[in-house]
Amino acid sequence: MNNKTAKITVSSAVALSAFVAVAPSQQGDAAANIDALIINAQKAGTVLKWAISIEGTADGVTQPWTQFNAAKTAITKAEAALNGASYSDKLKYEALLIEPKTQVQRAQGYLDAITASTKIEARTKVLSEAVRTNNLDKVEAAYHAMTAEFRKQTILLDRVYGQSTRDRIRNVVKGPAEQLINYLKNDVTVYMLTKGATADINSGRYQEAIRKANEAKAIVDSNVLIWESFLKKNLDSVNASQPVQLVSISRVDSTTITVKLSRAVSSIQLSEFTFDNSLSVSRAVLSNDGTIVTLTTSVQTPGTKYTMKFKGNNASFTAPGNVVPIQIGNQTIQHRETTEVLSLVGNFTESNNQPSKDIVRVDIPAGIKVVSINGIENNIAGAKSINVTPEKNGNVTIAFTAKDVNVSAIDNMITFNRMQNNTVIETKTSAKLNFYAPAKEGSFSNKKVYYVDINNNYFVTSDGMKYKMKNSSDVYRNEGIAVSFDSFKSALGVEDTISGSYKPTTNSTFEITSNFNYVDFVLDSKYAYKAGTAGYRMDGSRIDLNGTAQPNYEMIFYKNSAYIGKTRVNASGAWSFSTNVDQNAISDYSYLQQVAGKAAPSNPGSGAKTLRVVEGSLDLLSVSGGTTADEDLSNEELVFTIAPLKNKNGLVLAQDQVAALANASIVVQDNDGTKIKFTNNQDNTKFTPVNNGFQVKFGTIDPGKGSAVIMSQGKDSLLTGTLKIISIDGIQNAYGLDMKVNTGFQITGY
C-alpha cells in the first residue's frame, strides 16, 4: 500500500466514525420537528373547520381568509418537512394531514359560495332597481343578466359541505333571487314574445308571429301580471297588425268543411273561399268568436284531394275513398295495386251505445302510408302509431295507400285501439291488406306464385309483382306443353314456379315451369263453428289444437296476429299444438304451413286460416218467478236465462244458446230441508230450449217414487217458501259446454 492510499483509507474511517456518532441525535431532532409541524397543521385545520361551520363561528356571509391561509401555510410547512423522512414515516404523517387538508378543501367551497352569493346579490340589486324604473327594456336586460348569473353561481352554492351551513348561505341570496325571478318571469316572457311577434310580422313570418302571440295570450289569460295593462295593449296591437291567415282545414262530412283562422274577424265573404276539382261552396258561417268558418260544399268525391284558397293561403284535405268496414276477425283480404287509395272506418261506442270520445291509437304497419285522418290531409308513413279523436258519431276514418308505388306491401293489418289512461280497452283490426306493385316489362324466371285471381285474370309472384293475363292474346305453357288460356288458369296455383316474358300492353308469354302439389292444412272438425255462434266456445286456460297438413312441413301459429310458436307435421300428416287462452276474451288463432326450417313470417299473411276462440264459462243469469202463489211447484213454467259472456270491460263477447239433454235435471230445496229432483221427461217435467235460455215445466211430485224424486223428506215432504236451486244438470251450449249454477239462485212466487 502506498502512502496516498493509506491516507485516503484513514480519512474515510475517521469520517465514518464521526457520522455514526452524530446521526442518532440529528434524526431525533428532525422527528420532533415534524411532529410539531403536523400538530400545528391539525390545530389549524380544526380552527378552520369551525370557522366554516354554522355549528362553529360561521355566519354564511363572512369569509374566514385568515383561518384558511393559516391552515394552508401549516400544511405546506408540514409537507416540506416530510421530504427527508423515511417512507414509513411519510405514510404515517400524510395520514395525519388528511383531516386538515379536507377542511381546506371544504373551506374553498365555502369561500366560493360566499363569493357567488355576492355576485347574485349584486345582480339582484340591479334588477330590483330596473323594476323601479318601470322601463321593460331595462327590466328585460337586467333579468337576463341576473338569471344567467344565477344559473352559473347557484352551482357553487350547492358545493358547500354540511346541510345547515349550505342552507344558511343559500338562504341569504338564493331565496330572494328566486322570488324576484318568479315575480318577473311572466311579464318578461310576454314582453319578449310580443316583441318577437312584431319582428316576425315585419319580416313576413306570419305563422311564427301567430305562434308567439298565442303563447303570450295564454300567459296573460292565466296569470296576474305587474305591467298587465301595458302588455295587453302591446299584444292587442300585434294581433291587430297581423293579416288573417289560414291555420287549418277540417272535413266534417261529405258536404261540410271547417276552417280555422289565425285571429278573430268580424265578417267574411263567401267568395273568399274557393276550391279546385269542381268543389263549390254554397254557404259560409262565422263562429261567435270570429275564428272558425263552417263551409257547406257540394258533395265531395271519395278519394279526391281538394285544395282551398283563402286570402292567398292554401290548405288541402282528401275525401275518404272506398270505405272498407273494419270488423274483428274480418277475413275479407284486400288485394290492391300500390297506386290505389283505400279507406278504413272504425266506429267506437260506449256501453250505452253513445259515440265514444276516447282517444283511438291507430297502428300503421311499415308498408303503408296514411293519406288523411277524418278527412284532414296527412302524410304519415308506417310503422307508426297515430292518436286520433273520433268524430261526433264515434267514427275514426283513415285514407291510406302503399308507402311506395314501386314496392309491394303484403300481409299488412291496421289496428284501431281505444285508449283509457294509456291502456288499450278495445281493439278493432282490419282485414289483411295487400298492395301489389305492377310488374315491369321484361323477362322473369322461376318465380314462386303468391296469389292467383282467376276472375280478374292476374297473378302475383312472391316478390309482390302483379302480372295481368290478357286472355287468348298471350302465349301459355304448362311444363313445356302449350295450353289454352282457360287450361292455364285452372292449373295455375299458389307455390307454382312460373317464368315468362311480360309486356303490360302487348302479347306476353307465361309458362308454369313446375306445378306444386301439396296437402291442404286443416283443423280437427271438432273446432268447426256452430251455426249462430260467435266462435269456438270453451272454458279453460289452454287449448289443444290438432289437425292434418303436408307431411314433414311445419305449422306456424299466431294469436291475435302475434307469433306464438310452431310444430312439426309428422310423416303421416298429423300435427298438434297446445297454447294459452285469454280468459273471458276473444282470441283469434291463425295458422299456416310452410317448409320446415324456414323463418316464421312476422304476421300470419293472406294464406293463414283462423280459428276464433271465445273463452268463458256458461253461467245462469236469472230465473223468472212463478205465476201462481199457491206454493205448488207442479205445472209451473219458469224461464232460466243464460248470462251473456262479457270481457273485463263489460263488452258482450257472445250469447250462448243452449240445448237440454234427455236426462237434464234440476234439484231444489226449501228452508225445512225438503229436497226434490225434477228430471226431464219424467212425471210430466219438461226442459225446453228458448231464446237465450231454457224453460222448465215442473211435473208432479210423486211420493210413491221414493228417492227417485224426493231426495230428502225435510219436515213435511212438501215444498214451501223460497226454494234454493241446488243444481242444474244436462244444459249445454252448442259446443257441449255444461252450464254452471252459482249459489244464490232461488225460485219464488210459485
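Residues numbered from 1 in each chain as written. Predicted model: local features only at pLDDT ≥ 70, side-chain atom pairs only at ≥ 80, totals over all residues. Heavy atoms only, no water.

### Focus on the overall build of the protein chain
Turning to step 1, where the next piece is worked out: Looking only at helices and strands, the protein chain has eight helices and 46 strands in total.
Turning to step 2, where the next piece is worked out: Computed over the C-alpha atoms, the radius of gyration of the protein chain is 45 Å, more than 25% above the 27 Å expected from 2.2 N^0.38 for a compact globule of 750 residues.
Turning to step 3, where the next piece is worked out: Among the 750 residues that make up the protein chain, the fraction classed as buried is 42%.
Turning to step 4, where the next piece is worked out: Across the protein chain, every contact between residues at least 6 apart in sequence was considered, and the portion connecting residues at least 24 apart equals 64%.
Turning to step 5, where the next piece is worked out: Total accessible area computed for the protein chain in this model is approximately 38,200 Å², and 49% of it derives from carbon and sulfur atoms.
Turning to step 6, where the next piece is worked out: Counting 76 positive and 69 negative side-chain charges, the protein chain places the centres of these two groups 9 Å from one another. (Helix = DSSP H or I, 4+ residues; strand = E, 2+ residues; numbered from the N terminus. Rg over C-alpha atoms; globule rule 2.2 N^0.38 Å. Buried < 20%, exposed > 50% of the residue type's maximum accessible area, 1.4 Å probe, protein only. Contact = heavy atoms within 4.5 Å. Areas by Shrake-Rupley, 256 points an atom, 1.4 Å probe, with all protein chains shown as cover. Lys, Arg positive; Asp, Glu negative; His and termini not counted. Charge placed at Lys NZ, Arg CZ, Asp CG, Glu CD.)

### Some thoughts on the sheet that holds strand β7 (residues 313–318)
Turning to step 1, where the next piece is worked out: Spatial ordering of the open sheet is given by β3-β6-β7, a layout of three strands whose pairing is antiparallel. Two strands lie at the open edges of the sheet, namely β3 (274–275) and β7, each paired on one side alone.
Turning to step 2, where the next piece is worked out: For strand β6 (residues 305–310) and β7, the ladder comprises six bridges, and the chain directions are antiparallel. For M308, the partnering residue across the bridge sits in β7 and is A315. (Pairing = 2+ DSSP bridges.)

### Side note on the packing of aromatic side chains
Turning to step 1, where the next piece is worked out: Per the counting criterion, the structure on display carries 27 aromatic pairs.
Turning to step 2, where the next piece is worked out: A ring pair is formed by Y306 and F317, whose centres lie 5.6 Å apart and whose planes are at 35 degrees; its orientation type is tilted. Here Y306, found in strand β6, pairs with F317, found in strand β7; they are eleven residues apart in sequence, far enough to count as distant. Each member of the pair Y306 and F317 is classed as buried.
Turning to step 3, where the next piece is worked out: Ring centres 5.0 Å apart and planes at 85 degrees place the aromatic pair F678 and F698 in the edge-to-face group. With F678 in strand β40 (residues 675–679) and F698 in the loop between β42 (693–697) and β43 (710–712), this pair connects stretches of sequence that are 20 residues apart. (Phe/Tyr/Trp six-rings, centres within 6.5 Å; stacked < 30°, edge-to-face > 60°.)

### Some details on the nonpolar core
Turning to step 1, where the next piece is worked out: In terms of nonpolar packing, the biggest core is built from 29 residues, with L633, F640, I666, F694, F698, I728 and I747 touching the most fellow members.
Turning to step 2, where the next piece is worked out: For this core, the secondary structure elements donating two or more residues are β35 (618–623), β36 (637–642), β39 (658–669), β40, β42 and β44 (723–733).
Turning to step 3, where the next piece is worked out: Beyond its immediate stretch of four places on either side in the chain, I747 contacts V623, L633, L638, V668, F698, T722, L723 and I725. (Core = buried A, V, L, I, M, F, W, Y, C linked by side-chain atoms within 4.5 Å.)

### Some details on unusual backbone geometry
Turning to step 1, where the next piece is worked out: One non-glycine residue with positive phi stands out, namely N277, at about 55 degrees.
Turning to step 2, where the next piece is worked out: Considering the arrangement of structural elements, one finds N277 in the loop between β3 and β4 (281–286).
Turning to step 3, where the next piece is worked out: The class of N277 is partly exposed, set by a relative accessible area of 46%.
Turning to step 4, where the next piece is worked out: Backbone geometry places N635, a non-glycine residue, at a positive phi of 70 degrees.
Turning to step 5, where the next piece is worked out: If you trace the backbone, N635 turns up in the loop between β35 and β36.
Turning to step 6, where the next piece is worked out: Among the residues examined, N635 registers a relative accessible area of 52% and is labelled exposed.

### Let's talk about the sheet that holds strand β32 (residues 574–580)
Turning to step 1, where the next piece is worked out: Taken in spatial order, the three strands line up as β27-β29-β32 in an open sheet, and their pairing is antiparallel. Only two strands of the sheet have a single partner each, and these edge strands are β27 (522–523) and β32.

### As for the pattern of salt bridges
Turning to step 1, where the next piece is worked out: What the rule picks out here adds up to 25 salt bridges.
Turning to step 2, where the next piece is worked out: Across the salt bridge formed by R612 and D588, the nearest N and O atoms sit 2.8 Å from each other. Highlighted residues: R612 in strand β34 (residues 609–615) and D588 in strand β33 (residues 586–594), separated in sequence by 24 residues.
Turning to step 3, where the next piece is worked out: Taken together, the shared-partner salt bridges connect E350, D358, R418 and E426 into one network. (Salt bridge = Lys/Arg side-chain N within 4 Å of Asp/Glu carboxyl O.)

### Concerning the pairing of β35
Turning to step 1, where the next piece is worked out: Bridge count between β35 and strand β45 (residues 739–740): two bridges; the pairing is parallel. Counted as the bridge partner of L618 is M739 from β45.
Turning to step 2, where the next piece is worked out: The pairing of β35 with β36 spans three bridges and is antiparallel. Opposite S622, over in β36, you have T641 as the bridge partner.

### Notes on helix α2 (residues 65–81)
Turning to step 1, where the next piece is worked out: Helix length check: α2, at 17 residues, gives a terminal C-alpha distance of 24 Å against a target of 24 Å (1.5 Å per residue), a fit within 8%.
Turning to step 2, where the next piece is worked out: All buried positions along α2 are accounted for by F68, A71, A74, I75 and A78. One side of α2 holds all its buried residues, which, seen down the axis, span an arc of 135 degrees. Residues of α2 that are exposed and angled more than 90 degrees away from the buried face: T66 and K77. (Expected span 1.5 Å × (residues − 1). Arc of directions from axis to C-beta.)

### A few points about the environment of A574
Turning to step 1, where the next piece is worked out: With respect to the helices and strands, A574 occurs in strand β32.
Turning to step 2, where the next piece is worked out: We classify A574 as partly exposed; its relative accessible area is 32%.
Turning to step 3, where the next piece is worked out: Separated by 76 residues in the primary sequence, A574 and I498 have C-alpha atoms spaced 30 Å apart.

### Quick word on the confidence of the model for the protein chain
Turning to step 1, where the next piece is worked out: Of the residues in the protein chain, 91% have a pLDDT of 70 or more, and the chain-wide mean is 85.
Turning to step 2, where the next piece is worked out: Below pLDDT 50 for its whole length, residues 1–26 participates in one contact with residues either more than four positions away or in separate chains. (pLDDT = per-residue confidence, 0-100.)

### Let's talk about the side chain of Q594
Turning to step 1, where the next piece is worked out: Here Q594 lies in strand β33.
Turning to step 2, where the next piece is worked out: Discounting residues that sit within four places of it in the chain, Q594 has contacts with Y553, E554, I556, A599, A600 and P601.

### Quick word on the pairing of strand β11 (residues 360–364)
Turning to step 1, where the next piece is worked out: Of all five residues that make up β11, four are buried, and the element is covered over most of its length.
Turning to step 2, where the next piece is worked out: When β11 meets strand β17 (residues 415–420), the two strands line up antiparallel, connected through four bridges. Considered in β17, the bridge of R361 is made with N417.

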